[in-house]
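Here is what each chain is made of, one letter per residue.
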Amino acid sequence: MDISFFRCMLNLLLPLLWILFRSYTCEIISDKASVRQNFVNKNDTYRRLWSVEKFAATICVMECVRDTECASVLYNKVTKVCQAHSVTLGNPFVAFDEPDTQYFVRSFGEHYIGDSCVTATDCWTINTECRQGLCQCIPGYSFSPKTQECKVCDQYDDKNFMTITDHYITGENMEMFSSVTLEDCKRLCLTRTAYLCVTFEFLYPGTCALQKVTVLDFPHKWTTSAGVDETLYSQRDCA
Ligand SMILES: *[C@@H]1O[C@H](CO)[C@@H](O)[C@H](O)[C@H]1NC(C)=O
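Computed from a predicted model, the values in this text were never measured in an experiment.

Student: What exactly am I supposed to notice about the packing of aromatic side chains here?
Tutor: The relative placement of two aromatic rings is captured by the distance of their centres and the angle of their planes. A complete count under the given rule lists six aromatic pairs for this structure. When the ring of tyrosine 112 is compared with that of phenylalanine 143, the centres are 6.3 Å apart and the planes differ by 70 degrees; the resulting orientation is edge-to-face. Placement of tyrosine 112 in the loop between strand 7 (101–106) and strand 8 (128–131) and of phenylalanine 143 in strand 10 (residues 142–144) is noted, with a sequence separation of 31 residues between them. According to the relative accessible area criterion, tyrosine 112 is buried, its value standing at 1%.

Structure representation (structure tokens):
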């Protein structure tokens, strides 16, 4: 046998292996995640978990599947950026344009937190509701990316909050600050040491109130500010 025989075999085998590999990875993708059209050529950094370079979309999806917190991934075919998110990205209108981007949603990411909705029945995750067109935690319950639900936390996360507009709890503030930004208010909450700050409220333009309670502790003190003041109630995620 000469070398051309091997070359010939190789030429026959390689495409075969490639086809097998492709159908194998496609199966993994269709089993574990599906392609979403709403974020094609879009990008959004909302609740981004990590970002790594992967040479193919299928590998990117597999990387997401290995992470229990990863609900969806954006993959850029040109830069090879594989970007994981702890939620499903349901609002392409707040996203920015990013050519050559594909979007994949895990099976558990369907009707999950962040996904678009019309009524509460579109939101399938425990303790969620449809708010402003997106599935979000019912006020008082915190997002728990690890257990993929909204719940009362055992332990709190050190960076993320979920926000509710035009609502606040009356008379339970631990501390108040004025002339601060929304970012400052969040940082103040995260760095309290005398007590565990669980929620913060922001009254535009610059008033910040920190609390160690949630609306579940004081449902009768849950007040709407709709049409009067512009307020935000932010509740800390679970670790
Ligand atoms: C999305 O945008 C961020 C910030 O500009 C960038 O770092 C990231 O690579 C982009 N992601 C994708 C998938 O292109």
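Still more to cover.
Student: What is the right way to look at the layout of surface pockets in this model?
Tutor: Here the largest pocket defines a volume of roughly 670 Å³. Around the largest pocket sit 26 residues that line it, and Tyr46, Arg47, Gln136, Phe161 and Thr163 are the ones nearest its centre. Where the lining of the largest pocket is concerned, the elements lending two or more residues are strand 9 (134–137), strand 12 (156–165), helix 3 (182–190) and strand 18 (231–238). Top contributing element to the lining of the largest pocket by residue count: strand 12, with five residues. Among the residues making up the lining of the largest pocket, the classes are represented as 12 nonpolar, 10 polar and four charged. Composition of the lining of the largest pocket by domain shows at least three residues from each of domain 1 (16–106) and domain 2 (120–238). There is about 220 Å³ of room inside the second largest pocket. Lining the second largest pocket are 13 residues, and of these Leu49, Glu69, Asp157, Lys159 and Asn160 lie nearest its centre. Per element, the largest residue contribution to the lining of the second largest pocket is three residues, and it comes from strand 12.

Student: Looking at this structure, I do not really get empty space enclosed by the protein. What am I missing?
Tutor: Take a probe with the size of a water molecule and roll it over the atoms, and the empty space left behind shows itself. Summed over all chains, the structure comprises one cavity of 30 Å³ or more. Estimates place the volume of the largest cavity at around 40 Å³. Every residue along the wall of the largest cavity is listed here: Arg131, Cys137, Ile138, Pro139, Gly140, Tyr141, Met162, Thr163, Ile164 and Gln235. Top element by residues in the lining of the largest cavity is strand 12. It accounts for three residues.

Student: Before we go on, may I ask you to explain the state of the cysteines in this structure?
Tutor: Disulfide: a covalent bond connecting the sulfur atoms of a pair of cysteines. Here the structure, examined in full by the defined rule, presents eight disulfides. A sulfur-sulfur separation of 2.1 Å characterises the disulfide bridge that pairs cysteine 185 with cysteine 208. On the S-S bond that ties cysteine 185 to cysteine 208, the torsion sits near 80 degrees, and the link is right-handed. In this pair, cysteine 185 is assigned in helix 3 and cysteine 208 in strand 16 (residues 207–211), connecting sequence segments 23 residues apart. For the pair cysteine 185 and cysteine 208, a shared accessibility class is recorded, and that class is buried. Here cysteine 189 pairs with cysteine 197 through a disulfide, and the sulfurs are 2.1 Å apart. Its S-S torsion of approximately -105 degrees makes the covalent link between cysteine 189 and cysteine 197 left-handed. Note on cysteine 189: relative accessible area 1%, which makes it buried.

Parameters at a glance
- Residues numbered from 1 in each chain as written.
- Predicted model: local features only at pLDDT ≥ 70, side-chain atom pairs only at ≥ 80, totals over all residues.
- Heavy atoms only, no water.
- Phe/Tyr/Trp six-rings, centres within 6.5 Å; stacked < 30°, edge-to-face > 60°.
- Helix = DSSP H or I, 4+ residues; strand = E, 2+ residues; numbered from the N terminus.
- Buried < 20%, exposed > 50% of the residue type's maximum accessible area, 1.4 Å probe, protein only.
- 1 Å grid on protein atoms, 1.4 Å probe; cavity = no way out; pocket = protein on both sides within 12 Å on 5 of 7 lines; lining within 4 Å.
- Points joined across faces, edges and corners; volume = space filled by probe spheres on them.
- Nonpolar A, V, L, I, M, F, W, Y, C, P; charged D, E, K, R; others polar.
- Domains from an automatic or database assignment.
- Disulfide = S-S within 2.5 Å.

This is a description of form; function is not addressed.
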